[in-house]
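Residue-level structural notes
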Amino acid sequence: SGTRTMGDVNSTSGRFRIHWEAREDPPGAKGRFKLTVRSAVSGRPLEVVADHEGNGQGMVDFSDDPRVYDFLVESTGVQWSFRVEETYTQP
């Protein structure tokens, strides 16, 4: 819960599949969950991959250049989780 930065993730492909989930805590709290992928070197936001109110879950594909990333979670009134899977394309 709460706001925090998670990282540093070194990516050789720059491609991720991100699964996220948010649950209101307490139920009915009308909480908010926002997940932003950032450059871990500069802290520059690259893409908001989730911006959700209340209970929910989702999956997002993200594509950029290979680099070191971090993830900024901004939340209020929710318990949240996310997982990141690096994906690759076949040559």
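Just above, that's the structure.
Residues numbered from 1 in each chain as written. Predicted model: local features only at pLDDT ≥ 70, side-chain atom pairs only at ≥ 80, totals over all residues. Heavy atoms only, no water.

Topic: the sheet that holds strand β3 (residues 32-39)
Neighbouring strands of a sheet are bound in pairs by backbone hydrogen bonds; such pairs are parallel or else antiparallel. To keep it simple, the criterion reads: By the convention used here, strands pair only if DSSP detects at least 2 bridges between them. Elements are defined by DSSP. Helices are runs of H or I of four residues or more, strands are runs of E of two residues or more, and each kind is numbered from the N terminus. Only the stretch in contact is used when fitting a helix axis, every axis being a line fitted to C-alpha atoms; angles between N-to-C directions are given from 0 to 180 degrees.
Across the sheet, four strands lie side by side as β1-β6-β3-β4; this open sheet has antiparallel pairing. Sheet topology places β1 (4-11) and β4 (45-53) at the edges, where each strand pairs with a single neighbour. With direction set aside, neighbouring strand axes in the sheet form an average angle of 15°. Bridge count between β1 and strand β6 (residues 67-76): seven bridges; the pairing is antiparallel. Looking across to β6, one finds that M6 is bridged to F71.

Focus: the environment of N55
Here is the rule we go by: Any pair of residues with heavy atoms lying within 4.5 Å of one another is described as a contacting pair.
You can see N55 is positioned in the loop between β4 and β5 (56-63). Measuring from C-alpha to C-alpha, the distance between N55 and T76 comes to 12 Å, with 21 residues separating the pair along the chain. Setting aside anything within four residues of it in sequence, one finds N55 in contact with A22, R23 and E24.

Section: unusual backbone geometry
In plain terms, the rule: The rule is simple: take the accessible area with a 1.4 Å probe, protein chains only, and divide by the maximum for that residue type; under 20% is buried, over 50% is exposed, in between is partly exposed.
Residue D8 follows G7 across a cis peptide bond; omega there is -5°. Of note, D8 is situated in strand β1. A cis amide bond, omega 5°, links D25 with the succeeding residue P26. With respect to the secondary-structure elements, P26 resides in the loop between β2 (15-24) and β3. The backbone of K30 shows a phi angle near 55°, a positive value even though the residue is not glycine. Structurally, the position occupied by K30 is in the loop between β2 and β3. Residue K30 is classed as exposed on the basis of its relative accessible area of 60%.

Some points on the nonpolar core
For clarity, the threshold we go by: In this description, a nonpolar core means a group of buried Ala, Val, Leu, Ile, Met, Phe, Trp, Tyr and Cys residues linked to one another through side-chain atoms lying within 4.5 Å.
Counting residues in hydrophobic clusters, the biggest one holds 16 residues, and the most contacted among them are I18, F33, L35, V37, V49 and F62. Put simply, the parts of the chain that give this core at least two residues each are β2, β3, β4, β5, β6 and β7 (78-86). Looking at which element gives the most residues to this core, the answer is β2, with four residues. Once residues lying within four places of it in the same chain are set aside, the contact partners of F33 are W20, A22, A50, D51, H52, V73, E74, S75, V78 and W80.

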